[in-house]
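Fold and contact review
The lines below spell out each chain.
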Amino acid sequence: MNIALIIAGGKGERMKSVTPKQFLVIEGKPVIIHTLEKFQNHPRIDVIAVVCIKGWDDDLKDYARQFGITKLKHVVRGGNVGQESIKNGIMAMADNYDGDAVVLIHDAIRPNLSTKIISDCISSIEQHGLSVVVLPCNEAMLETSDGISSSRAYPRSQLRRTQTPQGARLSQLVELHKKAAEKGIDNSIATCTLATEVGESVWFVEGSFKNVKITTPEDIDIFRALLEVKDQV
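Presented here is a report on the structure given in the accompanying data block.

Take the pairing of strand β6 (residues 102–107) next. Buried residues dominate β6, accounting for six of its six residues. Burial along β6 is two-sided: V102, L104 and H106 and V103, I105 and D107, pointing in opposite directions, are all buried. For strand β1 (residues 2–8) and β6, the ladder comprises six bridges, and the chain directions are parallel. Each residue of the ladder has a partner; that of I6, found in β6, is H106. Strand direction decides the pairing type here: β6 and strand β10 (residues 160–169), joined by four bridges, are antiparallel. Residue pairing across strands places V103 opposite A168, the latter belonging to β10.

Okay, here's the thing in structure tokens:
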């Protein structure tokens, strides 16, 4: 059993829009539908679950029916922060599926992931356990304490930029959140950071610079350009 757990609980203040960014319509479809279609069309994904922002559950279900997202089986209420939203989704899956299930946790606002990334992430979880999609850090990196200046560089070869999906077997994810609760960790940025904070290792899966995260109006322009390139292929 392979489950896509899509996190759509954020408000997206940086987008400066009344509509949550995951529900903004781009080229005739909400961003979240562009994302869900990638998992709907992947042969190894059995179930889709969405952790949804309060008040948008019915909109999500209506869009899923409209665009044929038949694998959507669960809609879970989002939390106050990302970690809580992910935990809500994980615990809901634990109520419905065996602990051996593979869970891919993915941002609703990353609508351009590839079939290969999904496949590679499933394979890494099956082989190694906790896995995260990453990119090399190509830019020069500087350390700063005041946010406006620096006197020290950090070796970029030791850094990776994380993307989603991130995931593991369901039982491992349940245990991860139990350990976090015991340690009082309640606002970790992502599953991969939560894992490191409780002393777990994560395995890398090669990502893509096209796997863009839509957080600003400029990101919408990039996604539109990527869609246009696909239409021309």
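Here we take up the packing of aromatic side chains. According to the stated counting rule, one finds two aromatic pairs in the structure shown. A ring pair is formed by F23 and W56, whose centres lie 4.7 Å apart and whose planes are at 25 degrees; its orientation type is stacked. Linking F23 in the loop between β1 and β2 (25–26) with W56 in the loop between β4 (47–52) and α2 (57–66), this pair joins segments that are 33 residues apart in sequence. Three or more aromatic residues link up through ring pairs in this structure, and these residues are F23, W56 and Y63.

Time to look at the nonpolar core. Formed by 28 residues in total, the largest nonpolar core has its most connected members in I32, L36, F39, I48, V50 and L104. Elements that contribute at least two residues to this core include exactly β1, α1 (31–40), β4, α2, β6 and α4 (115–128). When residues in this core are grouped by element, the largest group, five residues, is from α4. Residues contacting L36, with those up to four places away along its chain left out, are I6, I48, V50, L60 and I69. Counting residues in hydrophobic clusters, the runner-up holds 26 residues, among them I7, I105, L170 and L194.

The next subject is empty space enclosed by the protein. Inspection of every chain in the model, using the stated rule, returns one cavity of 30 Å³ or more. The calculated volume of the largest cavity comes to roughly 30 Å³. Together, Q83, I86, H177, S188, I189, A190, T191 and L194 line the largest cavity. For the lining of the largest cavity, the secondary structure elements donating two or more residues are α3 (82–94) and α6 (191–197). The class makeup of the residues in the lining of the largest cavity is four nonpolar, four polar and no charged.

For Q166, the position within the fold is in strand β10. The class of Q166 is buried, set by a relative accessible area of 5%. A sequence separation of 48 residues divides Q166 from I118, and the C-alpha atoms of the two residues are 10.0 Å apart. Apart from residues no more than four positions distant in its own chain, Q166 is found in contact with V103, L104, I105, S131, V132, A190, T191 and C192. A distance of 2.9 Å separates the side chain of Q166 from the backbone oxygen of Q163, its partner in a polar contact. Reaching out from Q166, the side chain makes a polar contact with the backbone nitrogen of C192 at a distance of 2.9 Å.

Let's shift gears to the layout of surface pockets. Of the voids in this model, the largest pocket is the one considered here, and its volume is about 1,200 Å³. If you trace the largest pocket, you find 45 residues lining it, with K21, D107, I109, I189 and K213 closest to the centre. Only β1, α3, β6, β10 and α6 provide two or more residues apiece to the lining of the largest pocket.

Rules behind the numbers
Residues numbered from 1 in each chain as written. Predicted model: local features only at pLDDT ≥ 70, side-chain atom pairs only at ≥ 80, totals over all residues. Heavy atoms only, no water. Buried < 20%, exposed > 50% of the residue type's maximum accessible area, 1.4 Å probe, protein only. Helix = DSSP H or I, 4+ residues; strand = E, 2+ residues; numbered from the N terminus. Pairing = 2+ DSSP bridges. Phe/Tyr/Trp six-rings, centres within 6.5 Å; stacked < 30°, edge-to-face > 60°. Core = buried A, V, L, I, M, F, W, Y, C linked by side-chain atoms within 4.5 Å. Contact = heavy atoms within 4.5 Å. 1 Å grid on protein atoms, 1.4 Å probe; cavity = no way out; pocket = protein on both sides within 12 Å on 5 of 7 lines; lining within 4 Å. Points joined across faces, edges and corners; volume = space filled by probe spheres on them. Nonpolar A, V, L, I, M, F, W, Y, C, P; charged D, E, K, R; others polar. Polar contact = N/O pair within 3.5 Å; in protein donor to acceptor, adjacent residues only side chain to side chain.

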